[in-house]
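Structural overview
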Amino acid sequence: MFALNFNKTTMHIFKEKEALMDHLKSIKTPDSTIGFVPTMGALHQGHLSLMQQSLAENENTVVSVFVNPTQFNNPEDLSKYPRTLEADITKISELNTEIILYAPSVEDVYEGKILSQEFDFDGLENQMEGKFRPGHFNGVGTIVKRLFEIVNPTNAYFGEKDFQQLQIVKKMVKKNNMTVNVQGCAIYRESNGLAMSSRNERLSEQQKMDGALIYKTLNGAKEKFKTNSAKSVTEWVEKVFEKNTSFELEYFQIADETTLLPCLRKNKTKKYRAFIAVIVNNIRLIDTISLN
Ligand code: PAF
């Protein structure tokens, strides 16, 4: 462990889980809470807002920065995923507070066996991202469970951009009788509506500008869903992307917010969400919007 002192920030940085666990044991009191923000780095304002929420609600906050190999089904996506630890440390330091950072190696987390555990998330894993990224949610479940075991947080904060991941983490916690309270936090957007994502670092300025189409289309879908079926809204979205040659639509789905099953017939008692994944220049971007 080493401590970095910035203006008003003291950052305790850990590369090894044993040292982190010892430190957390030494500072935890019966009444104090630990907030946890797991990330894969390339931090942006969305991540920082999760940290701010954790800092406001807990005595201690732990942030992890770890690009988890088992959740990447595409080796190119893994190798190109931005790794910017120094810049991440600078961004965290701008929060002007005391914070704990866990930035482990693959070895520290996986101890020589880079393998996913097999999970049953009651079918949540078979929809959308699960269909297009085989094995992805077993990798997410594996790393989040492992990080929860290391940090033992009271509260954990996840962005709603990855809404399917959020539901899966909640399910994993419930099925494993873990005590952590998992909180979903609002999506942070660029001024043109593009959802903030670490992957945006790989987009050109033009692609970032064109990315406004994703949120614009989601808002259009929300409006149309008031008076149209999920099927006709989906067809409309498909047409929007057929006309646009720079973005390839991977999927658009209107689904029940809890079960994530596609909406075949609207039911007034249910909450629905639209989910979208598009590909631009081999970079996958996802977004979501609540519909009612
Ligand atoms: O959302 C992410 O950044 C990752 O999936 C997570 C939750 C940090 C697990 O690697």
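Everything below is about the structure shown above.
With that settled, the discussion passes to the sheet that holds strand 3 (residues 34-39). Here we have 7 strands laid out as an open sheet, ordered 1-2-5-4-3-6-7, and mixed in their pairing. Of all strands in the sheet, those with a lone pairing partner are strand 1 (2-5) and strand 7 (181-185), marking the two edges. Between one strand axis and the next, the sheet turns by 25° as a mean value, whatever way the strands run. Sheet analysis places strand 3 next to strand 4 (residues 60-65), joined by 6 bridges and oriented parallel. By the bridge assignment for strand 4, G35 is matched with T61. The strands touched by helix 8 (residues 163-175) within the sheet are strand 6 (155-159) and strand 7, with strand 7 carrying the most contacts at an inclination of about 170°.

Let us look at the site of the ligand. In the vicinity of the ligand, the residues found are P38, T39, M40, N68, Q71, I143, F158 and Q165. Between the ligand and the protein, one listed contact pairs an oxygen atom with a side-chain N or O atom of Q71 at 2.7 Å. Q165 is positioned such that a nitrogen or oxygen atom in its side chain is 2.7 Å from an oxygen atom of the ligand. Coverage of the ligand by the protein chains reaches 89% of its 290 Å² of free accessible surface.

Generally speaking, nonpolar side chains in soluble globular proteins are found buried as a group. One finds L20, V144, F148, V151 and F158 to be the most contacted residues of the largest nonpolar core, which totals 39 residues. Top contributing element to this core by residue count: helix 7 (residues 136-151), with 8 residues. Judged by nonpolar contacts, the second largest core, of 25 residues, contains L194, L203, V233 and C263.

What follows deals with the sheet that holds strand 9 (residues 272-280). Neighbouring strands of a sheet are bound in pairs by backbone hydrogen bonds; such pairs are parallel or else antiparallel. Taking strand neighbours across the sheet as the criterion, the 3 strands line up as 8-9-10 in an open arrangement whose pairing is antiparallel. Every other strand in the sheet has two partners, leaving strand 8 (248-256) and strand 10 (283-290) as the edge strands with one partner each. Averaged over all pairs of adjacent strands, the angle between their axes in this sheet comes to 15°, without regard to strand direction. Here 8 bridges tie strand 8 to strand 9, and the two strands are oriented antiparallel to one another.

Within helix 1 (residues 17-27) the residues assigned to the buried category are K17, L20, H23 and L24. For helix 1, the angular spread of the buried residues around the axis is 125°, confining them to a single face. Counted as exposed and oriented over 90 degrees from the buried face of helix 1: K25 and S26. Elements in contact with the buried residues of helix 1: strand 2 (10-14), strand 3, strand 4, strand 5 (98-102), helix 5 (106-110) and helix 7.

Moving on: unusual backbone geometry. Positive phi, normally seen in glycine, also occurs at N177, with a value near 50°. Along the polypeptide, N177 turns up in the loop between helix 8 and strand 7. We classify N177 as exposed; its relative accessible area is 67%. Even without being a glycine, N281 presents a positive backbone phi close to 50°. Within the fold, N281 resides in the loop between strand 9 and strand 10.

This brings us to the side chain of Q207. Mapping Q207 onto the fold places it in helix 9 (residues 205-210). Q207 sits in the buried class, given a relative accessible area of 16%. When sequence neighbours within four positions are dropped, the list of residues in contact with Q207 reads R202, F247, V280 and N281.

Any space left empty among the atoms is revealed by the rolling of a water-sized probe across them. The full count for this structure, using the stated rule, is 1 cavity of 30 Å³ or more. Each pocket or cavity is described by its volume, and for the largest cavity that value is around 850 Å³. For the largest cavity, the lining is made up of 49 residues, of which H47, Y81, K161, D162 and Q165 are closest to its centre. Listed by contribution, the elements that provide at least two residues to the lining of the largest cavity are strand 3, helix 2 (45-57), helix 7, strand 6, helix 8, strand 9 and strand 10. By residue number, the principal contributor to the lining of the largest cavity is helix 7, which donates 6 residues. Taken together, the residues of the lining of the largest cavity sort by class into 26 nonpolar, 15 polar and 8 charged.

The next thing to look at is the pattern of salt bridges. A side chain of one charge can pair with a side chain of the opposite charge if their charged atoms are brought near each other. Scanning the model with the defined rule gives 21 salt bridges in all. Residue D77 is joined to R202 by a salt bridge in which the shortest nitrogen-to-oxygen separation is 3.8 Å. Note that D77 is positioned in helix 3 (residues 75-80) and R202 in the loop between strand 7 and helix 9, a separation of 125 residues in sequence. Ionic pairing is found between R273 and E257, a salt bridge with its closest N-O pair at 3.2 Å. Placement of R273 in strand 9 and of E257 in the loop between strand 8 and strand 9 is noted, with a sequence separation of 16 residues between them. For the pair shown, R273 and E257 are each scored as buried. Each of the salt bridges in this network shares a partner with another, and the network as a whole consists of D77, E129, R133, R199, R202, E250 and R284.

Calculation notes
Residues numbered from 1 in each chain as written. Predicted model: local features only at pLDDT ≥ 70, side-chain atom pairs only at ≥ 80, totals over all residues. Heavy atoms only, no water. Pairing = 2+ DSSP bridges. Helix = DSSP H or I, 4+ residues; strand = E, 2+ residues; numbered from the N terminus. Axes fitted to C-alpha atoms, helices over the stretch in contact; angles between N-to-C directions. Contact = heavy atoms within 4.5 Å. Near = heavy atom within 4 Å. Polar contact = N/O pair within 3.5 Å; in protein donor to acceptor, adjacent residues only side chain to side chain. Areas by Shrake-Rupley, 256 points an atom, 1.4 Å probe, with all protein chains shown as cover. Core = buried A, V, L, I, M, F, W, Y, C linked by side-chain atoms within 4.5 Å. Buried < 20%, exposed > 50% of the residue type's maximum accessible area, 1.4 Å probe, protein only. Arc of directions from axis to C-beta. 1 Å grid on protein atoms, 1.4 Å probe; cavity = no way out; pocket = protein on both sides within 12 Å on 5 of 7 lines; lining within 4 Å. Points joined across faces, edges and corners; volume = space filled by probe spheres on them. Nonpolar A, V, L, I, M, F, W, Y, C, P; charged D, E, K, R; others polar. Salt bridge = Lys/Arg side-chain N within 4 Å of Asp/Glu carboxyl O.

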